[in-house]
Amino acid sequence: MKAFEKNIRKVEPYVPGEQPQQKVIKLNTNENPYPPAPGVSKALQSMDTDRLRLYPDPTAGVLVKELADFYHVNPDQVFVGVGSDDVLSMCFLTFFNSEKPILFPDITYSFYKVWADLYRIPYECQKLDENFRLVKEDYYKENGGVIFPNPNAPTALYEELDVVEDIIAHNRDVIVIVDEAYVDFAGRSAMELVDRYDNLIVVQTFSKARSMAGMRIGYAISNPALIRYLNDAKYSFNSYTMNQTSLVCGTEAVRDKEYFEECIRKIIHTREWAKEELRKLGFEFPDSRTNFIFATHPDYDAKELFEALKAEGIYVRYWGSERIEQYLRITIGTEEEMKTMFVFLKDYMRK
Ligand code: PMP
């Protein structure tokens, strides 16, 4: 071993879902099957490319202002980043600096462990109950911070706001991050608690309900003091996280509230129909409040099913990790895509 090896920061990286380059039915990374708002396409077509000579506005002012207006908060309560992964990673770096372990569920977004390892943050996973529900009392113990997604991923379960508030209220001495990547498909956001709890940060994304995973935009809403700390960390890292194209397109997407709501309505409609179809085929799953369903079948091995679907050009997500070896995560696609999947499943299960 080379002498320098021992000083290299080694991490076990997060493994993103496959992005196949050939055309497949892609139900594996929780993308939105519908295009972004029409204004985004228009903005791209009329974009002034000469503007690309210049650095973008480091404050991302136009996007921050649009988001602040949309959520009825002040611009100094909004932080934006390159997807919520960037925002969450910045939050870990900025707010989780205790010797005590941070707490998050055992079955959850697998990036949390990776950031904790990367930044040398001690952590302790709290076991979800046998129905994959969050046990709020597990978060009452002393800790260095708390993070959980609501709805959780990959379970798709949404905890009502009183559960979320209870966890925040029991942790007034540390920062609590609620990762709301899927909340637009679920119910009330914890954003309404931001004025009452100075230890709360809510993180959301443009990747799901706003159909812009490829543009990489995420944001945090909190009180001005915590947002300032986040910006201080950002400016100590990379001042120009948001490129000009993201600023222009992101702003356009937020402006079209009607399109946003229509997209969500369509996906929820398809999700509820897909639940019935899955049930008819004998699948079992926690009641999804997201744009995906986390399903298992008592008679079919999940890995075999995953591979059979893939051979058919239908990509879903499979982890094979502890407690979820028999589960597949199926993103809600268009009704047509889902129908194709069900035709295959019906045929496969008849054999
Ligand atoms: N949080 C959760 C729970 C997610 O599932 C994802 C999507 N992989 C993210 C955050 C990150 O999404 P993005 O970086 O695209 O905003």
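Thresholds applied
Residues numbered from 1 in each chain as written. Predicted model: local features only at pLDDT ≥ 70, side-chain atom pairs only at ≥ 80, totals over all residues. Heavy atoms only, no water. Axes fitted to C-alpha atoms, helices over the stretch in contact; angles between N-to-C directions. Helix = DSSP H or I, 4+ residues; strand = E, 2+ residues; numbered from the N terminus. Parallel < 35°, antiparallel > 145°, perpendicular 65-115°, else oblique. Left-handed = near helix turned anticlockwise from the far one by under 90°. Contact = heavy atoms within 4.5 Å. Nonpolar A, V, L, I, M, F, W, Y, C, P; charged D, E, K, R; others polar. Disulfide = S-S within 2.5 Å. Buried < 20%, exposed > 50% of the residue type's maximum accessible area, 1.4 Å probe, protein only. Domains from an automatic or database assignment. Buried area = accessible area lost by both parts, 1.4 Å probe. Salt bridge = Lys/Arg side-chain N within 4 Å of Asp/Glu carboxyl O. Polar contact = N/O pair within 3.5 Å; in protein donor to acceptor, adjacent residues only side chain to side chain. Pairing = 2+ DSSP bridges. Right-handed = clockwise from strand over helix to strand, strands pointing away. Near = heavy atom within 4 Å.

### Here we look at the packing of helix α1 (residues 38-45) against helix α7 (residues 244-255)
Working step 1: Two elements in contact, α1 and α7, have axes whose closest approach is 8 Å; the angle formed by their N-to-C orientations is 150 degrees. Taken together, the axis directions place α1 and α7 in an arrangement best described as roughly antiparallel. The handedness of the crossing between α1 and α7 is right-handed. Packed against α1, whose contacting residues are Gly 39, Val 40, Ala 43 and Leu 44, the element α7 presents Thr 245, Val 248, Cys 249, Glu 252 and Ala 253 at the interface.
Working step 2: In terms of residue class, the contact of α1 with α7 is built from 6 nonpolar, 2 polar and 1 charged.

### Let's talk about the state of the cysteines
Working step 1: One pass over the structure, following the stated rule, counts 0 disulfides.
Working step 2: Not part of a disulfide, Cys 91 finds its nearest cysteine sulfur in Cys 125, a span of 18 Å.
Working step 3: Looking at Cys 91, the relative accessible area reads 0%, which means it is buried.
Working step 4: Distance from the sulfur of Cys 249, which forms no disulfide, to the nearest cysteine sulfur (Cys 263) is 16 Å.

### Here's the deal with the domain arrangement of the protein
Working step 1: Splitting the protein by domain gives domain 1 (3-35 + 258-350) and domain 2 (38-256).
Working step 2: Here the C-alpha centroids of domain 1 and domain 2 sit 23 Å apart.
Working step 3: Together domain 1 and domain 2 conceal approximately 2,800 Å² of surface at their shared face, both sides included; 62% is due to carbon and sulfur atoms.
Working step 4: When the area that domain 1 buries against domain 2 is broken down by residue, the three leading residues are Phe 260, Arg 289 and Arg 323, summing to 28%.
Working step 5: Between domain 1 and domain 2 we count 2 salt bridges in total.
Working step 6: Our count for the domain 1 to domain 2 interface comes out at 15 residue pairs in polar contact (both at pLDDT 80 or more).
Working step 7: The element contributing the most residues to the side of domain 1 that touches domain 2 is helix α8 (residues 257-280), with 8 residues.

### Quick notes on the pairing of strand β4 (residues 123-126)
Look at any regular strand and the pattern is simple: side chains alternate between the two faces of the sheet.
Working step 1: One ladder, built from 4 bridges, connects strand β3 (residues 102-105) with β4; its direction is parallel. Residue Leu 103 lies in a different strand from β4, and its bridge partner there is Glu 124.
Working step 2: Handedness of the crossover joining β3 and β4 through helix α4 (residues 111-118): right-handed.

### What about the site of the ligand?
Working step 1: The environment of the ligand is made up of 13 residues, and the closest members are Ser 84, Asp 179, Tyr 182, Thr 205 and Ser 207.
Working step 2: Top element by residues in the shell around the ligand is helix α3 (residues 83-95). It accounts for 4 residues.
Working step 3: Split into classes, the residues belonging to the shell around the ligand amount to 5 nonpolar, 4 polar and 4 charged.

### Comments concerning the pattern of salt bridges
Working step 1: Enumeration over the complete set of coordinates arrives at 27 salt bridges.
Working step 2: Note that Glu 192 is salt-bridged to Arg 188, the shortest N-O span being 2.7 Å.
Working step 3: Judged by its relative accessible area of 42%, Glu 192 falls in the partly exposed class.
Working step 4: For Lys 346, the salt bridge goes to Glu 277, with nearest N and O atoms at 3.4 Å. Placement of Lys 346 in helix α10 (residues 335-350) and of Glu 277 in helix α8 is noted, with a sequence separation of 69 residues between them.
Working step 5: Of the residues examined, Glu 277 reaches a relative accessible area of 10% and is grouped as buried.
Working step 6: Residues joined in a network through salt bridges with shared partners are Arg 271, Glu 272, Lys 275 and Asp 287.

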